[in-house]
Each structure stands twice: as structure tokens, then as C-alpha cells.
Amino acid sequence: MNLSLVDPFVLAQDIPEALTGKLRSSGRSVCIRFNKKGDLLASGTDKGAIVIFDLETNGVARKLFGHTPKKQIQSVSWSADGRYLLSSSVDWKCILWDLKDGSRVRTIRFQAPVYIAELHPQNHLLFVAALFEDQPQLVDLSTDIPVKRTLPTAPKRSLFEQENVTEKQAAQDAKQITTVTTFSTTGRYIITGTTKGWLNIIETKTCRTVHSTRLSNKALLLVRLTASGRDVVINSSDSIIRTMRLPDLTDPNIDFESIRLEVEHKFQDVVNRLSWNYVAFSSSSDYVTASTLMNHDIYIWERGRGSLVKILEGPNEELSHVEWHPHRPFIAATGLDSGRVHLWSILTPQRWSALAPDFAEVEENVEYVEREDEFDIHPIEEIHKRRLDLEDEEVDVMTVEPTKMGNVYGEFRMPVLLDIEASDSEDEVVAIGAGQYRRKSPGRDNEHLDGDSGGSEDERRAGRGGTGVTSRSHSSAKRRRGE
């Protein structure tokens, strides 16, 4: 019904307009990720918890606790059907979650903290992880014991460069560290970035580097692909955002020896020399957005001409992780100081005329001429008969109508748990043991909220710490004074 109230011309806009809301839960959010359908947002906190928000209500749908407390979550990654979620942390672990019941499917421990981990787009039991000061690993969870395969970090050079390579170059290649990893849209290839500015394409099946391109002399911080997999955006520590056109990686006969990757656009602030915290593509891949270092604005560039089209003003804090909704002009970003998730979207004036076909909106008052029988008083019997006829009409409240995105990503819908872990404030929950939590007891002023909690009068008095005995003693004293 809310969609029918929106002006159709507003829906045609491509980019958000203003800051429209925020999400808040226990812990400071440091990384976020939309699922493929766009109805859920996963948020990793600095306390080691994962919070999943329902974007229809902006409420907490589920909380996941499994990482080491007070160890920051580094990344979250959704499976294609939205049932499984992979989280990585600085506690050297990656956890695969089943959101059907919130259980941990597998927990994988590495020998170093994890930079980022990404699930395979078609197989939730396969993921790739970039490790701190270690080589990246491809992990297969289909067996009882996880199989870890080490991926190469050194770039693939041409035959001429291999023949004339110096010892210094060989030593530098050996010292390179992979900082970011991601899969292609089919999962056939893995795209990685290194500390020396190399972009490597690795075949998933053989774990062999098939192509390398150097984009910068400094580290590549982030690599993100579009939904089609033909475009990639790279953020590097040289304060330049690059977009590139990739070859068709779904072609089985692709010849990597003959391809040459060229930079399409370079986005940078040549005046203020701003550095970029995080970058993302828009849902249509026509725009690139980025959050800035030591700034509260979000920049949006148009890829057709490579020009800056909008600067979204944010809250009074630096913004870190930014994500664009997969289907709508809707942006979410995390605040570095408060840890809140801030939301930007289109300001949509509602069309109340959509509620009634005969209702017309006017800009100024007009004289209304009523019909002759518009306000006639009908007999009570006739009104009662109309109500009975309406009651006989069967209303279907169980059938779920398919939406535009119906059945594209599977039938899974995450159940919402109405329990203690769905609390929206960390002040309402206290820890009573390892991994055990309970809600704080209401104060004496809030006892009326409990209602009839059951149990005997003695038990309720004992739960209030002897309040009932004290009340009786006060009543007896009053009676004695009255006598």
C-alpha cells in the first residue's frame, strides 16, 4: 500500500537526495552489507556481534553471537539465497551462520587476523579470505574437515619480464600481501588486490594466477564488482578511485594472454586531496559512491562522463563503510564515532488520492456542491443488511502475492525471533556468564508493567526484596496512630 502512495515520477530518480533516518543497536557498527533481495541489512560491530536489521521496519530482526567478545567484525558476506551469512573478525576466525535458526554451521580458525572474507556466489560452502601478513586462502566446507588451499600473491608477469627479472623484483614480489579478495559473478575466478598495487585474477579451480595488472604503486584497499560482473571499482591508498571494464569472465574460451585491462575513470579530489574510506557501485552500475576520510559527506560520480553529480551531506561525524541498495536509490553508511547506521534515500511526498479513486488533490480550497442524496439518512435495517453482506465476503489474508523480485533468489525468508537477543539497546541486557544474557529487572516504578506474573504472593514479595512486609508494617503504624 505504501508503494501506491508514492509519486511515480519520484520512483524514476536514480540517486538519493537527503539523510532520512538511522539504525541503532547495541555496539558500534563497523561494516554493513545488504542481502541480494535488499530487505535485510547485516551489520558487524566492534564488540564481535552481528546485527541483522529488517529494512521494512528499521528494527532488529536477529543478533548473532559467536566471535570473541570485544573483537571487531571485519566483514560480512551473504549467500545468494540470503539464508547463510559469513562473518570474519580480527579474532582469527570466520563463522558461517544459518539464519533459519541462527546457528553456526562451521567455525574456521586461521593463523592470522582476517582482512575480508567473501562467500562463493553459487556455493555457500566455499569462501575466500584475505589474511593479515599472510597469503589468502580458499576454504572448502563441504567435507567434515575444512580444506584450506593457499592462493598466490605474487603477480603473473609476461615471458619477457620473467626472463629478465632481477633479484630485487623477485624479492619484492615475494613480500607482497593480499589485502582484498572477491569472486567473479559465477565464482569461476577470484579477483585479489595486493599491497603493491597489483590486481590479480586467479582461477578458482586450479588456484593459479591467470592475469595480473598493476594499477598503483600503493596498496589496493577494496575491490567491488557490479551485479553483471563486467565492471569493477577499486579503491587504493593513493586517494584515487578507479573503475575498469572487465572481459567476459563467463566465456570458457577467454584468452588472458591477449587481454589488456584499461582504467575507465579516475575519481579523486585534486583540490582537497581527500582520501576515501569505502566505495560502492549503484544498483544500476551507472554511479559510484564513496565515503571520505575525516569528512561527513558522501560523494556520488556519474560513470558516463566521469563527473561528480552530487555530494550528500551526512551527520556531524566521519563516515566509514558505505553500501548502495541492490535495487533502489538508497544508501547506508556507518558513523565512525557513534557507530550508527545512517540512511539516505529519496524524499517521497505521498499521494493520498491513491487511497480513493474519487479523491482529488487540490492546491487551494474550492467550493464543493454536494449531491442531492449524498448525506441522506438510511434506515438502520438497510445499514445492518449491508454490513452482513460485507461480512459474508471471504477475505484472503494467507496468500502472499509475488513481487517483482519473486523467486529470483530462492524462497527462503528469515524468521524474526522475538526474544532477548532482539533487544534494540545494549542497556537492556546484562551478561551473566559466558555467552549468557538476560534482561535487566524492571525497577519499582515499572512493576505495574509486569501485570499478573503468576506465582504466590509470598514469591512476589520475595522477588521484591521484602517490600510486602515493609508495606504491612507501615499500615499497622498508621492504624495505631489513628487509634
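Please read all numbers here as calculations on a predicted model, not as lab measurements.

Peer 1: In this structure, what is going on with helix H4 (residues 380-392)? I would like to understand it.
Peer 2: Residues spaced three or four apart along an α-helix face the same direction, because each turn holds 3.6 residues. Over its 13 residues, H4 extends 19 Å from the first C-alpha to the last, a length consistent with the 18 Å expected when each residue adds 1.5 Å. Here H4 lies mainly on the outside; zero of its 13 residues are buried.

Peer 1: I keep staring at the side chain of Thr226 and nothing clicks. Help me out?
Peer 2: Tracing the chain through its elements places Thr226 in the loop between strand E18 (220-225) and strand E19 (231-236). For Thr226, a relative accessible area of 5% gives the class buried. At 3.2 Å, the side chain of Thr226 and the side chain of Ser228 are in polar contact.

Peer 1: What is the right way to read the confidence of the model for the protein from this model?
Peer 2: Low pLDDT means the predicted atomic positions in that stretch should not be read closely. On average, residues of the protein score 80 in pLDDT, and 78% of them are at 70 or above. Every residue in residues 420-483 is under pLDDT 50, and counting partners more than four places away or in other chains gives 51 contacts.

Peer 1: Can you help me understand the nonpolar core in this one?
Peer 2: A general tendency of soluble globular proteins is for nonpolar side chains to be buried together. With 45 residues, the main nonpolar core has Leu199, Val223, Ile241, Phe256, Ile298, Trp301 and Ile331 as its most contacted residues. Sequence-distant contacts of Val223, defined by excluding residues within four places in its chain, comprise Val180, Thr182, Ile191, Leu199, Val232, Val233 and Ile234. Counting 17 residues, the second-largest nonpolar core is a separate cluster that includes Cys31, Ile50, Ala61 and Ile73.

Peer 1: Would you mind showing me how to read the sheet that holds strand E2 (residues 29-34) here?
Peer 2: Note on sheets: strands pair through backbone hydrogen bonds, and any given pair is parallel or antiparallel. Ordered by their spatial adjacency, four strands build an open sheet running E2-E3-E4-E5, and the pairing between neighbours is antiparallel. One side of each edge strand has no neighbouring strand; the edge strands of this open sheet are E2 and strand E5 (59-65). Sheet twist, expressed as the mean angle between neighbouring strand axes with direction ignored, is 25 degrees. Where E2 and strand E3 (residues 40-45) come together, five bridges link them in antiparallel fashion. Paired with Phe34 across the strands is Leu41, a residue of E3.

Peer 1: Could you clarify how one ought to interpret the pattern of salt bridges in this entry?
Peer 2: Opposite charge on two side chains permits pairing when their charged atoms draw close. Evaluated as defined, the whole model comprises 13 salt bridges. Between Arg245 and Asp231 there is a salt bridge; the shortest N-O distance is 3.0 Å. Residue Arg245 is found in strand E20 (residues 241-245), and its partner Asp231 is found in strand E19; the two are separated by 14 residues along the sequence. The class for Arg245 is partly exposed, based on a relative accessible area of 46%. A salt bridge links Glu382 to Arg386, with the shortest nitrogen-to-oxygen separation between them at 2.7 Å.

Peer 1: Which parts of the structure should I look at to understand the pairing of strand E17 (residues 208-214)?
Peer 2: Two faces make up the sheet, and in a regular strand the side chains alternate between them. Of all seven residues in E17, five are buried, a share of seventy percent or more. Inspection of the sheet shows strand E16 (residues 198-203) paired to E17 by six bridges, in the antiparallel sense. Following the sheet pairing, Glu203 is matched in E17 by Arg208. Here E16 folds back onto E17, and the loop between the two strands holds four residues, one of which, Cys207, carries a positive phi near 55 degrees.

Peer 1: Quick question: what am I supposed to make of the sheet that holds strand E25 (residues 307-313) here?
Peer 2: Overall, antiparallel pairing links the four strands, which are arranged E22-E23-E24-E25 in an open sheet. Where the open sheet ends on each side, the last strands, each with one partner, are strand E22 (276-281) and E25. Averaged over neighbouring strand pairs, the angle between their axes works out to 20 degrees when direction is ignored.

Peer 1: What am I meant to see in the environment of Ser142 here?
Peer 2: By the secondary structure assignment, Ser142 is in the loop between strand E12 (137-140) and strand E13 (147-150). As for Ser142 and Asn123, which are separated by 19 residues in sequence, their C-alpha atoms are 9.6 Å apart. Reaching out from Ser142, the side chain makes a polar contact with the side chain of Asp140 at a distance of 2.9 Å.

Peer 1: Can you help me understand the side chain of Ser184 in this one?
Peer 2: Considering the arrangement of structural elements, one finds Ser184 in the loop between strand E14 (178-183) and strand E15 (189-194). The class for Ser184 is buried, based on a relative accessible area of 3%. Each residue touching Ser184, except ones within four places of it in the same chain, is listed here: Pro121, Tyr189, Leu225 and Leu249.

Rules of the game
Residues numbered from 1 in each chain as written. Predicted model: local features only at pLDDT ≥ 70, side-chain atom pairs only at ≥ 80, totals over all residues. Heavy atoms only, no water. Helix = DSSP H or I, 4+ residues; strand = E, 2+ residues; numbered from the N terminus. Expected span 1.5 Å × (residues − 1). Buried < 20%, exposed > 50% of the residue type's maximum accessible area, 1.4 Å probe, protein only. Polar contact = N/O pair within 3.5 Å; in protein donor to acceptor, adjacent residues only side chain to side chain. pLDDT = per-residue confidence, 0-100. Contact = heavy atoms within 4.5 Å. Core = buried A, V, L, I, M, F, W, Y, C linked by side-chain atoms within 4.5 Å. Pairing = 2+ DSSP bridges. Axes fitted to C-alpha atoms, helices over the stretch in contact; angles between N-to-C directions. Salt bridge = Lys/Arg side-chain N within 4 Å of Asp/Glu carboxyl O.

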